[in-house]
Amino acid sequence: FEGNTKLIFIAPGSELFIFRDNDEFVLSNAKNLKEGDIFCLLIGSKADMLDEIALIREPHFSQIKSTASTWKKELRSMLEDKFSGDHKLLCKYLADNGIVRTEATIHNWTNDSSIIAPQQFDAVIKNISKLEGVSLTVRDGTNEICDSIRKCYQARRKAGSQLLEVINKAAPSREVDG
(Lines give C-alpha, C1' and ligand atoms only; values in the text may rest on other atoms or scores of the structure.)
Protein backbone atom coordinates (compact mmCIF):
# COMPACT_ATOMS: atom_id res chain seq x y z
CA PHE A 1 0.00 0.00 0.00
CA GLU A 2 1.19 3.43 -0.83
CA GLY A 3 1.40 6.40 1.50
CA ASN A 4 -1.31 6.78 4.06
CA THR A 5 -3.78 4.27 2.56
CA LYS A 6 -6.14 2.66 5.05
CA LEU A 7 -8.53 -0.22 4.57
CA ILE A 8 -11.72 -0.85 6.47
CA PHE A 9 -13.40 -4.23 6.17
CA ILE A 10 -17.15 -4.10 6.64
CA ALA A 11 -19.48 -7.11 6.56
CA PRO A 12 -21.84 -6.86 3.55
CA GLY A 13 -24.93 -7.00 5.78
CA SER A 14 -23.75 -4.16 8.03
CA GLU A 15 -25.99 -1.12 8.14
CA LEU A 16 -24.29 2.19 7.43
CA PHE A 17 -25.33 5.80 7.24
CA ILE A 18 -24.40 6.86 3.72
CA PHE A 19 -24.30 10.43 2.44
CA ARG A 20 -25.72 10.44 -1.08
CA ASP A 21 -25.56 12.91 -3.94
CA ASN A 22 -28.96 14.35 -3.08
CA ASP A 23 -27.45 15.81 0.12
CA GLU A 24 -29.20 13.28 2.30
CA PHE A 25 -28.03 10.54 4.62
CA VAL A 26 -29.70 7.18 4.12
CA LEU A 27 -29.47 3.95 6.08
CA SER A 28 -28.23 1.21 3.76
CA ASN A 29 -26.39 -2.11 3.74
CA ALA A 30 -22.66 -2.08 3.14
CA LYS A 31 -23.21 -4.26 0.07
CA ASN A 32 -24.97 -1.26 -1.54
CA LEU A 33 -21.93 1.03 -1.21
CA LYS A 34 -20.88 2.66 -4.45
CA GLU A 35 -17.61 4.32 -5.34
CA GLY A 36 -17.62 7.85 -3.98
CA ASP A 37 -20.17 7.21 -1.21
CA ILE A 38 -19.41 8.85 2.11
CA PHE A 39 -20.42 6.88 5.20
CA CYS A 40 -20.33 7.33 8.97
CA LEU A 41 -18.57 5.10 11.49
CA LEU A 42 -18.86 5.28 15.25
CA ILE A 43 -15.36 5.69 16.71
CA GLY A 44 -14.27 5.18 20.30
CA SER A 45 -17.01 2.77 21.31
CA LYS A 46 -17.38 -0.99 21.28
CA ALA A 47 -21.13 -0.57 21.02
CA ASP A 48 -23.20 -0.28 17.89
CA MET A 49 -24.31 3.28 17.05
CA LEU A 50 -28.00 2.32 16.86
CA ASP A 51 -27.78 0.49 20.18
CA GLU A 52 -26.21 3.59 21.75
CA ILE A 53 -29.13 5.73 20.56
CA ALA A 54 -31.70 3.11 21.56
CA LEU A 55 -30.18 3.01 25.07
CA ILE A 56 -30.73 6.76 25.35
CA ARG A 57 -34.19 6.82 23.77
CA GLU A 58 -35.75 3.61 25.06
CA PRO A 59 -35.79 3.34 28.87
CA HIS A 60 -35.87 -0.48 28.97
CA PHE A 61 -33.68 -1.23 25.94
CA SER A 62 -30.86 -2.71 28.02
CA GLN A 63 -33.21 -5.23 29.68
CA ILE A 64 -34.95 -6.01 26.38
CA LYS A 65 -31.61 -6.67 24.68
CA SER A 66 -30.49 -8.83 27.61
CA THR A 67 -33.64 -10.97 27.27
CA ALA A 68 -33.18 -11.09 23.49
CA SER A 69 -29.63 -12.38 24.03
CA THR A 70 -30.68 -15.26 26.29
CA TRP A 71 -30.35 -17.74 23.42
CA LYS A 72 -26.71 -16.67 22.91
CA LYS A 73 -25.89 -17.06 26.60
CA GLU A 74 -27.35 -20.55 26.44
CA LEU A 75 -25.20 -21.46 23.44
CA ARG A 76 -22.07 -20.03 25.12
CA SER A 77 -22.80 -22.08 28.22
CA MET A 78 -23.38 -25.20 26.12
CA LEU A 79 -20.19 -24.52 24.16
CA GLU A 80 -18.11 -24.43 27.34
CA ASP A 81 -19.90 -27.07 29.42
CA LYS A 82 -20.68 -29.73 26.80
CA PHE A 83 -18.10 -29.12 24.09
CA SER A 84 -15.06 -27.71 25.94
CA GLY A 85 -15.08 -24.57 23.80
CA ASP A 86 -14.95 -26.51 20.50
CA HIS A 87 -17.11 -24.64 17.98
CA LYS A 88 -16.87 -27.48 15.46
CA LEU A 89 -18.49 -29.92 17.91
CA LEU A 90 -21.22 -27.42 18.80
CA CYS A 91 -21.83 -26.79 15.10
CA LYS A 92 -22.27 -30.54 14.45
CA TYR A 93 -24.55 -30.93 17.47
CA LEU A 94 -26.73 -28.04 16.33
CA ALA A 95 -26.86 -29.39 12.76
CA ASP A 96 -27.90 -32.81 14.10
CA ASN A 97 -30.76 -31.00 15.83
CA GLY A 98 -32.02 -29.01 12.86
CA ILE A 99 -29.92 -25.84 13.23
CA VAL A 100 -27.61 -25.93 10.22
CA ARG A 101 -25.09 -23.08 10.11
CA THR A 102 -21.40 -22.74 9.34
CA GLU A 103 -18.81 -22.98 12.08
CA ALA A 104 -18.00 -19.29 11.49
CA THR A 105 -21.64 -18.38 12.08
CA ILE A 106 -21.77 -20.39 15.31
CA HIS A 107 -18.54 -18.71 16.40
CA ASN A 108 -20.09 -15.28 15.74
CA TRP A 109 -23.26 -16.21 17.60
CA THR A 110 -21.26 -17.11 20.70
CA ASN A 111 -18.72 -14.28 20.54
CA ASP A 112 -20.14 -11.20 18.78
CA SER A 113 -22.05 -8.96 21.18
CA SER A 114 -23.55 -6.97 18.31
CA ILE A 115 -25.52 -9.94 16.97
CA ILE A 116 -29.07 -9.77 18.24
CA ALA A 117 -30.58 -12.79 16.54
CA PRO A 118 -29.92 -15.43 13.93
CA GLN A 119 -31.69 -15.38 10.57
CA GLN A 120 -35.12 -16.99 10.89
CA PHE A 121 -34.80 -16.55 14.63
CA ASP A 122 -38.27 -17.85 15.55
CA ALA A 123 -37.46 -21.33 14.19
CA VAL A 124 -33.85 -21.34 15.42
CA ILE A 125 -34.74 -20.33 18.97
CA LYS A 126 -37.58 -22.85 19.05
CA ASN A 127 -35.06 -25.55 18.03
CA ILE A 128 -32.55 -24.36 20.63
CA SER A 129 -35.26 -24.62 23.29
CA LYS A 130 -35.68 -28.32 22.44
CA LEU A 131 -32.01 -29.20 22.89
CA GLU A 132 -31.08 -31.57 25.71
CA GLY A 133 -30.08 -29.78 28.91
CA VAL A 134 -31.32 -26.33 27.88
CA SER A 135 -32.24 -24.11 30.81
CA LEU A 136 -35.87 -23.55 31.73
CA THR A 137 -35.34 -19.87 30.98
CA VAL A 138 -34.88 -20.70 27.29
CA ARG A 139 -37.13 -23.76 27.18
CA ASP A 140 -40.12 -21.90 28.62
CA GLY A 141 -39.18 -18.43 27.40
CA THR A 142 -39.00 -18.76 23.62
CA ASN A 143 -41.94 -16.41 23.05
CA GLU A 144 -40.49 -13.77 25.37
CA ILE A 145 -37.04 -14.09 23.77
CA CYS A 146 -38.48 -13.73 20.25
CA ASP A 147 -40.67 -10.79 21.33
CA SER A 148 -37.60 -9.11 22.83
CA ILE A 149 -35.68 -9.64 19.60
CA ARG A 150 -38.49 -7.96 17.66
CA LYS A 151 -38.51 -5.08 20.17
CA CYS A 152 -34.72 -4.69 19.77
CA TYR A 153 -35.02 -4.49 16.01
CA GLN A 154 -37.91 -2.04 16.33
CA ALA A 155 -35.92 0.19 18.73
CA ARG A 156 -32.92 0.08 16.37
CA ARG A 157 -35.09 1.05 13.37
CA LYS A 158 -36.56 3.92 15.37
CA ALA A 159 -33.06 5.01 16.47
CA GLY A 160 -31.90 4.88 12.84
CA SER A 161 -34.83 7.02 11.71
CA GLN A 162 -34.19 9.55 14.48
CA LEU A 163 -30.49 9.73 13.67
CA LEU A 164 -31.18 10.19 9.96
CA GLU A 165 -33.61 12.98 10.75
CA VAL A 166 -31.05 14.80 12.92
CA ILE A 167 -28.22 14.30 10.44
CA ASN A 168 -30.28 15.46 7.49
CA LYS A 169 -31.44 18.59 9.33
CA ALA A 170 -27.85 19.44 10.26
CA ALA A 171 -26.19 18.47 6.98
CA PRO A 172 -25.00 21.47 4.98
CA SER A 173 -26.33 21.67 1.44
CA ARG A 174 -23.77 21.31 -1.25
CA GLU A 175 -24.16 23.95 -3.89
CA VAL A 176 -23.28 23.04 -7.42
CA ASP A 177 -21.26 25.62 -9.33
CA GLY A 178 -22.79 26.08 -12.73
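Let me begin by describing the structure that accompanies this report. Remember, it's a predicted structure, so these values are computed and weren't measured experimentally. (Residues numbered from 1 in each chain as written. Predicted model: local features only at pLDDT ≥ 70, side-chain atom pairs only at ≥ 80, totals over all residues. Heavy atoms only, no water.)

1. Points about unusual backbone geometry
Consideration 1: In this model, Ser84 sits at a positive phi of 45°, which is unusual for a non-glycine residue.
Consideration 2: Tracing the chain through its elements places Ser84 in the loop between α3 (70-83) and α4 (87-96).
Consideration 3: Non-glycine residue Gln120 carries a positive phi angle of around 55°.
Consideration 4: Along the polypeptide, Gln120 turns up in the loop between α5 (103-111) and α6 (121-129). (Helix = DSSP H or I, 4+ residues; strand = E, 2+ residues; numbered from the N terminus.)

2. Topic: the pattern of salt bridges
Consideration 1: The final tally for this structure, using the stated rule, is six salt bridges.
Consideration 2: In this structure, the salt-bridge partner of Glu58 is Lys158, at a minimum N-O distance of 3.5 Å. One end of the pair, Glu58, is in the loop between α1 (49-57) and α2 (61-68); the other, Lys158, is in helix α8 (residues 142-170), and 100 residues separate them in sequence.
Consideration 3: For Glu58, a relative accessible area of 23% gives the class partly exposed.
Consideration 4: The class for Lys158 is partly exposed, based on a relative accessible area of 45%.
Consideration 5: The closest approach of N and O atoms between Arg150 and Asp122, which form a salt bridge, is 3.2 Å. Separated by 28 residues along the polypeptide, Arg150 in helix α8 and Asp122 in helix α6 bring together distant segments of the chain. (Salt bridge = Lys/Arg side-chain N within 4 Å of Asp/Glu carboxyl O. Buried < 20%, exposed > 50% of the residue type's maximum accessible area, 1.4 Å probe, protein only.)

3. Let's talk about α3
Consideration 1: Between its first and last C-alpha atoms α3 spans 19 Å; for 14 residues at 1.5 Å apiece the expected length is 20 Å, and the two agree.
Consideration 2: Just past α3, the residue Ser84 takes up positive phi, approximately 45°. (Expected span 1.5 Å × (residues − 1).)

4. A short note on the packing of α4 against α5
Consideration 1: Relative to each other, α4 and α5 sit at 105°, their axes nearing to 9 Å. Overall, the two elements α4 and α5 adopt an arrangement that is roughly perpendicular. Each of His87, Lys88, Leu90, Cys91 and Leu94 in α4 lies in contact with α5, whose residues at this interface are Glu103, Ile106, His107, Thr110 and Asn111.
Consideration 2: In terms of residue class, the contact of α4 with α5 is made up of four nonpolar, four polar and two charged. (Axes fitted to C-alpha atoms, helices over the stretch in contact; angles between N-to-C directions. Parallel < 35°, antiparallel > 145°, perpendicular 65-115°, else oblique. Contact = heavy atoms within 4.5 Å. Nonpolar A, V, L, I, M, F, W, Y, C, P; charged D, E, K, R; others polar.)

5. Digging into α1
Consideration 1: All buried positions along α1 are accounted for by Leu50, Asp51, Ile53 and Ala54. Mapping the buried residues of α1 onto a view down its axis gives an arc of 160°, with all of them on the same face. (Arc of directions from axis to C-beta.)

6. Observations concerning the packing of aromatic side chains
Consideration 1: A complete count under the given rule lists three aromatic pairs for this structure.
Consideration 2: With centroids separated by 5.3 Å and ring planes inclined at 85°, the aromatic side chains of Trp71 and Trp109 adopt a geometry described as edge-to-face. Here Trp71 is found in helix α3, whereas its partner Trp109 is found in helix α5, with 38 residues between them in sequence.
Consideration 3: Overall, Trp71 belongs to the buried group, its relative accessible area being 0%.
Consideration 4: Plain terms: the ring middles of Phe121 and Tyr153 are 6.4 Å apart, the flat faces sit at 55° to each other, and that makes the pair tilted. Taken as a pair, Phe121 in helix α6 and Tyr153 in helix α8 lie far apart in primary sequence, 32 residues in all.
Consideration 5: Judged by its relative accessible area of 29%, Tyr153 is partly exposed. (Phe/Tyr/Trp six-rings, centres within 6.5 Å; stacked < 30°, edge-to-face > 60°.)

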